[in-house]
Structure formats: structure tokens, C-alpha cells
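Here is how the chains run, residue by residue.
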Amino acid sequence: MIVDVAGAAAALQAADDILILTHRRPDGDTAGCAGALCRGLQQIGKRAYILENPEITRRYAPLIVPYYPPEDFVPAYVVSTDIAEEKLFPDTAERYKSKVDLVIDHHGSNDGFGKKNLIRPDAGGCAEVLYDVLTALGVKFTADIAECIYIGVSTDTGCFKFSNTTAHSHAVAAACLTAGIDGGEINRVLFETKSRPRFEMERIVFDTMEFHENGAIAVAVLWRRDIDHAGADMDDLDSIASLTRQIEGVQIGITLTEKPDGTVRVSVRTTKEMDAAAICKKVGGGGHVRAAGASFTCGMAEAKAAMLKAAEEQFHAAK
């Protein structure tokens, strides 16, 4: 069932013992959404917690870790935030597949796997949708809730630089600033400050990047040996895929990362001429028009060849 903001708010108002889910490799949007929703629900007297996510990074852990449930908590209502499909559930959420009561999301590829589904593809970040839901619930927009929302919106819009940024994105950000957050400091930490391992990984990306189709397609490969040698963790690799798109002339940027088990995670970033989701759909992935992803259980060489083939097909079809 598709619901609007009022319908989602009404469903949450009628529920209790609420468990909130985040997606695999949690980014600022899913963590910010879960953190804001949990804080808001607790503020209006609901018993609500966030399911443990073993892949949460140190950067976003403060948003959700303090709200993990006690051992005796038995959820009666399950909400997913910023999760496009059930295969993106973390391992801890396997038991909740086909049992999600309310989906809150902004991915156009989401086919609505919940009993009720609030999906807004027009939103720059899912946190924008969450802001509207919390407002409908009558939640007081405190600084700690506003920080969660701001992190979600700003990270998913690339600090308001990406093409998914809308007037509503800025309106939500303005509400967060009005609530008392230090936007400048949050931006500095999220978008300017780099760890030494992150700096080393960026150097490797630029040093090893390959170009195809006269520079229109850029491919970067991050091998596990280099990641481990640099001492980089998932937090250091967050949003590194955007580097390929920063080079003039690149319309399709592909970043392949070798995971510890030898499988490969792929992130695709495109300019307005190309459709990242369409490229990833060719290999079983999905996402947004400008940012999408896929996973491979094969080795790096096969994954790279498959992604390059998909990208070249999309590039020539769009010409």
C-alpha cells in the first residue's frame, strides 16, 4: 500500500514497540534517518529502537548506536529507512524480510516491499522525507534531531552540490540551522577533514584510474591489499566513488572495491547525460539516476569487464 506523509505519520502514531532498520554499509542518510526517527518517536512517548548494524562506521555510529534495543525488546512494528530493497538489509535484519510494516524511502527503484510504503523519489535525501513525517507527528525539532536530519540531507546531496538537490533540500537544511546545529562544523567534519588512510586511498584512485571512450568513462579499482596496507576502513572509503566524476570530461565514473571475502562492490556516478541506475541494472544492481551500485561474487577482472561493457553500452545508447 502506498501512503503519503500524513498516512505514514498516522501509522507511526498508532504503533508502539517500534524497530527501525538501516541498510548495509550505512551512509549518512540511512543513519541520519534512523537516528532522527528514533529520537522523535521517543520524544512523543513511543518505545522505539534502532536495530544493530554491524557495518556502521565510526563517523555515523553516534547517530544510531546509543539507540540499539535492550536484549528483552520484542518489536511489534518494523520501519525501514532509506532502504531501496530487502537485499540491502544487514545480516542482523534477515529475520525481518517480508515483515516490514512501513517503508520510508526516496529511491525510485523501490517497488514497495512494506505493508505501507512512503516513497518520494523527488526528495534529495530520505532525511527530507523523515523531516516531513516528524513534522506531521508534531515532534519538536530539537538540535539533536536536526543534526541527524542535516547529516542525512547533506551527505546524500553532496553538501548540496548534486543534481538531486531541490528547494526542499535547502528548506530542510534551513530548518536544521534554525534548530541550532553548527552547520559549518558539520560540513567541515563530513566534507573537508580526511584521515591519513583516506588521503592515501584518494592518491591510489587518481594514480591508477583508467579512461575509456576518449575520457568519457573512468574506472578506478581499489584492491584489498592496498586498502589493508593503508589501514583504511569503511569510513575512510565513504563517498570515494565521487572522485571519478570530478575529472573534466568524465560522464560515467566506476569504482570497484574488493571486499575482504574477495567479492567486489561497485559504485557508479554519472553526469546528467548518463543514467547510473540503468548501467547498474544491467548487472543486477540499482540505485539513483546519478548514483547507483552493484555487487559481484566473481573476481575483480570479471567484475571490471562486466561493468565496463555495461557502461559502454549505455554510453553509446545515449549518444
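Just above, that's the structure.
The rules we used
Residues numbered from 1 in each chain as written. Predicted model: local features only at pLDDT ≥ 70, side-chain atom pairs only at ≥ 80, totals over all residues. Heavy atoms only, no water. Helix = DSSP H or I, 4+ residues; strand = E, 2+ residues; numbered from the N terminus. Expected span 1.5 Å × (residues − 1). Buried < 20%, exposed > 50% of the residue type's maximum accessible area, 1.4 Å probe, protein only. Arc of directions from axis to C-beta. Axes fitted to C-alpha atoms, helices over the stretch in contact; angles between N-to-C directions. Parallel < 35°, antiparallel > 145°, perpendicular 65-115°, else oblique. Left-handed = near helix turned anticlockwise from the far one by under 90°. Contact = heavy atoms within 4.5 Å. Nonpolar A, V, L, I, M, F, W, Y, C, P; charged D, E, K, R; others polar. Pairing = 2+ DSSP bridges. Core = buried A, V, L, I, M, F, W, Y, C linked by side-chain atoms within 4.5 Å. Phe/Tyr/Trp six-rings, centres within 6.5 Å; stacked < 30°, edge-to-face > 60°.

A. Region of interest: helix H8 (residues 196–208). Here H8 contains 13 residues, and its C-alpha end-to-end distance of 19 Å stays within 8% of the 18 Å for a straight helix at 1.5 Å per residue. Turning to H8, its buried residues number three or more, namely Pro197, Arg198, Met201, Glu202, Ile204 and Val205. Looking down the long axis of H8, one finds its buried residues gathered within 160 degrees of arc, a one-sided arrangement. Seen from the open side of H8, the exposed residues pointing more than 90 degrees away from its buried face are Arg196, Phe199 and Asp207.

B. A look at the packing of helix H1 (residues 5–14) against helix H4 (residues 126–137). Running from N to C, H1 and H4 cross one another at 60 degrees; their axes reach a closest spacing of 9 Å. Between H1 and H4, the angle falls in the class oblique. For H1 against H4, the interelement crossing comes out right-handed. Residues Val5, Ala8, Ala9, Leu12 and Gln13 of H1 pack against Asp132, Val133, Ala136 and Leu137 of H4. Taken together, the residues of the contact of H1 with H4 sort by class into seven nonpolar, one polar and one charged.

C. Representation of the side chain of Ser267. Turning to its location among the elements, Ser267 is positioned in strand E9 (residues 264–270). If near-sequence neighbours (up to four positions away) are discounted, Ser267 is found in contact with Ala241, Gly253, Ile254, Thr255, Ala292 and Gly293.

D. Representation of the sheet that holds E9 within the structure. Taken in spatial order, the six strands line up as E6-E7-E8-E9-E11-E10 in an open sheet, and their pairing is mixed. Either end of the sheet is taken by a strand with one partner, and the two such strands are strand E6 (210–212) and strand E10 (286–287). Pairing between E9 and strand E11 (residues 291–296): six bridges, direction antiparallel. What sits directly across from Val266, in E11, is Ala294. Along the sheet, H8 makes contact with E6 and strand E7 (217–222), crossing E7 at roughly 130 degrees. Along the sheet, helix H12 (residues 300–318) contacts E6, E7, strand E8 (252–258), E9 and E11; its crossing angle with E8, the most-contacted strand, is approximately 165 degrees.

E. The arrangement of the nonpolar core in detail. Among the nonpolar cores identified, the biggest contains 54 residues, and Leu12, Ile18, Leu134 and Ile149 are the most heavily contacted of them. Sort the elements by how many residues they give to this core and H4 lands first, with eight residues. Apart from the residues within four sequence positions on either side, Ile18 is in contact with Leu12, Leu41, Lys46, Arg47, Ala48, Tyr49, Phe73, Tyr77 and Val79. Judged by nonpolar contacts, the second largest core, of 24 residues, contains Ala216, Val219, Val221 and Ala310.

F. Highlighting the packing of aromatic side chains. Tallied over the full model, the rule gives four aromatic pairs. Seen in terms of ring centroids, Tyr49 and Phe73 are 4.8 Å apart; in terms of plane orientation they differ by 70 degrees. Their pairing is edge-to-face. Taken as a pair, Tyr49 in strand E2 (residues 48–50) and Phe73 in the loop between helix H3 (61–64) and strand E3 (77–81) lie far apart in primary sequence, 24 residues in all. Considering the side-chain rings of Tyr131 and Phe141, the 5.1 Å spacing of their centres and the 75 degrees angle between planes classify their relative orientation as edge-to-face.

G. Expanded view of the pairing of E9. Burial runs high along E9: seven of the seven residues are buried. Neither face of E9 is exposed, since Val264, Val266, Val268 and Thr270 on one face and Arg265, Ser267 and Arg269 on the opposite face are all buried. Where E8 lies against E9, seven bridges are found, and the strand directions are antiparallel. Its bridge partner lying in E9, Glu258 is registered against Val264. Where E8 hands over to E9, the hairpin turn is made up of five residues, of which Gly262 adopts a positive phi near 90 degrees.

H. Seen up close, the sheet that holds strand E5 (residues 116–119). Spatial strand order, E2-E1-E3-E4-E5: five strands in an open sheet with parallel pairing. Of all strands in the sheet, those bounded by a partner on one side alone are E2 and E5. Pairs of neighbouring strands in the sheet enclose a mean axial angle of 15 degrees, with direction left out of account. Here strand E1 (residues 18–21) runs beside E2; their pairing, made up of three bridges, is parallel. In the strand pairing of E2, Ile18 is matched with Ala48. Sheet strands in contact with H4 are E3, strand E4 (102–105) and E5, and its direction is about 125 degrees off that of E4.

Purely geometric stuff here, so don't read any function into it on its own.
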